[in-house]
Amino acid sequence: AKAAGRNTMRFFDPAIQEAALVRASLEAELRQGLARQEFVLFYQPQMNSAGNVIGLEALVRWNNPHRGMVSPADFILLAEDTGLILPLGRWVLEEACRMLVFLTANSSTRHLSVAVNVSALQFRQPDFVAVVLDVLHSSGAHPGRLKIELTESLLLEDIEGAIQKINELKKHGVRFSLDDFGTGYSSLTYLKRLPFNQIKIDQSFVHNILNDPRDLAIANTIIALGQTLHVAVIAEGVETSTQRDLLAQCGCTLFQGYFFSRPLPEAQLQDFLRRHLAA
Ligand code: C2E
Ligand code: CA
Ligand code: CA
Ligand code: CA
């Protein structure tokens, strides 16, 4: 009776009830948004030291008729909890591959890679490898131009399975990037055991790199580690030329951030590419 009482209390807690309602309606809207194709990919350029674009990171947005452009921070977690990330994640892959095919058709952009973010639930699906290969195959995209960004948190549970999946896709040319590097609990173990092609210095280290010597030391160490392990290192969240210069002094050669460009809708991407491709 006591337990039931507690449950009843909870049920009538207006704050919790309201949160549950907001969540339920957001879930319904998400489902509908998928059916109505309200999602769009923005593309953030990734740059080399010469200031040329070398790739794009695909970042999903939800263009909701009532809410406007919704940031992934506001729906990815719910999409994961509800399993909606699976159809959404597949759509992101398809759309990114469509962009790859488009880039490949032009000789000035055919070398560019497209990176997609893959969530834990999506990566853990037994058919993850099959889905990626299927999307690559049916789109005609070059597997060697696709990059998959994973965060370390999602690899925690089944490291052997993760290694197997990564290696299987790498056999086909797909590349892997370890996202938000340095923010998890066992970054170094992952780096040692998982066959990543690239690590991304998390923007939290870049943000204060000018003022906090500890952030600079961490960024510097990650860059040196990448060089030693022959893994490419890209710094994300670069907002100023001073940050870029400092990172470059540490040996970083790849950059991404608002200093170069915000994530761009397809319509604005063309113009950016025209101005930032190697001659
Ligand atoms: P992330 O993968 O770490 O992506 C980087 C985030 O930092 C993006 O936010 C990007 O717009 C933002 N950013 C880039 N440059 C700068 C900068 O110079 N300064 C600052 N302050 N921010 C910068 P966004 O697009 O809101 O995405 C947030 C997160 O949502 C992503 O973090 C990623 O974890 C997730 N996400 C985005 N698209 C997808 C997707 O297609 N699938 C999945 N599963 N997750 C996604
Ligand atoms: Ca990412
Ligand atoms: Ca990141
Ligand atoms: Ca992140």
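Up top is the structure.
Here goes a summary of the coordinates provided.

Procedures and definitions
Residues numbered from 1 in each chain as written. Chains lettered and ligands numbered in written order. Predicted model: local features only at pLDDT ≥ 70, side-chain atom pairs only at ≥ 80, totals over all residues. Heavy atoms only, no water. Helix = DSSP H or I, 4+ residues; strand = E, 2+ residues; numbered from the N terminus. Expected span 1.5 Å × (residues − 1). Buried < 20%, exposed > 50% of the residue type's maximum accessible area, 1.4 Å probe, protein only. Arc of directions from axis to C-beta. Donors = N, O, S within 2.8 Å, 3.2 Å for Na, K, Ca; no water. Near = heavy atom within 4 Å. Polar contact = N/O pair within 3.5 Å; in protein donor to acceptor, adjacent residues only side chain to side chain. Areas by Shrake-Rupley, 256 points an atom, 1.4 Å probe, with all protein chains shown as cover. Salt bridge = Lys/Arg side-chain N within 4 Å of Asp/Glu carboxyl O.

Right, let's get into helix 6 (residues 128–139). When the terminal C-alpha atoms of helix 6 are compared, their 17 Å separation across twelve residues agrees well with the 16 Å that a helix rising 1.5 Å per residue should span. Among all positions in helix 6, only Phe-128, Val-129, Val-131, Val-132, Val-135 and Leu-136 are buried. Each buried residue of helix 6 lies within a common arc of 170° when the element is viewed along its axis, so the set occupies one face. Relative to its buried face, helix 6 has exposed residues pointing more than 90 degrees away, namely His-137 and Ser-138. Count one or two residues on from helix 6 and you reach Gly-140, which has phi positive near 80°.

This part is about the coordination of the calcium ion (ligand 2). Coordination of the calcium ion (ligand 2) by the protein is provided by Glu-57 (OE), Asn-117 (OD1), Glu-149 (OE) and Asp-179 (OD), with metal-donor distances spanning 2.1 to 2.3 Å. The sequence motif formed by the donor residues of the calcium ion (ligand 2) is E-x59-N-x31-E-x29-D. Between the calcium ion (ligand 2) and the calcium ion (ligand 3), the interatomic distance is 4.1 Å, and Asp-179 donates to each metal, bridging them. Of the two residues, Asn-117 is situated in strand 4 (residues 113–117) and Asp-179 in strand 6 (residues 175–181); the sequence distance between them amounts to 62 residues.

With that settled, the discussion passes to the site of ligand 1. Looking at ligand 1, there are 22 residues lining it, with Gln-44, Arg-61, Gln-203, Glu-239 and Tyr-258 nearest. Asp-180 places a polar side-chain atom, nitrogen or oxygen, 3.3 Å from an oxygen atom of ligand 1. The side chain of Glu-239 places a nitrogen or oxygen atom 2.5 Å from a nitrogen atom of ligand 1. Alone, ligand 1 offers 800 Å² of accessible surface; in the complex the protein occludes 82% of this. Elements represented by at least two residues in the shell around ligand 1 include exactly strand 2 (53–64), helix 4 (85–104) and strand 6.

This next bit is on the coordination of the calcium ion (ligand 3). Here the calcium ion (ligand 3) is held by the protein donor atoms Asp-179 (OD), Asp-180 (OD), Glu-236 (OE) and Glu-236 (OE), which lie 2.1 to 2.8 Å from it. Ordering the donors of the calcium ion (ligand 3) by residue number gives the pattern D-D-x55-E.

This part takes up the pattern of salt bridges. Within the structure shown, the criterion is met by 16 salt bridges. As a salt-bridge pair, Arg-193 and Glu-160 come within 2.6 Å of each other at their nearest N and O atoms. Placement of Arg-193 in helix 8 (residues 187–193) and of Glu-160 in helix 7 (residues 159–171) is noted, with a sequence separation of 33 residues between them. Judged by relative accessible area, which is 37%, Arg-193 ranks as partly exposed. The shortest N-O distance in the salt bridge between Asp-245 and Arg-244 comes to 3.1 Å. In this structure Asp-245 comes out as partly exposed when scored by relative accessible area, which is 35%. Since its relative accessible area comes to 26%, Arg-244 is described here as partly exposed. Bridged by salt links that share partners, the residues Glu-57, Glu-149, Lys-200 and Glu-236 form one connected network.

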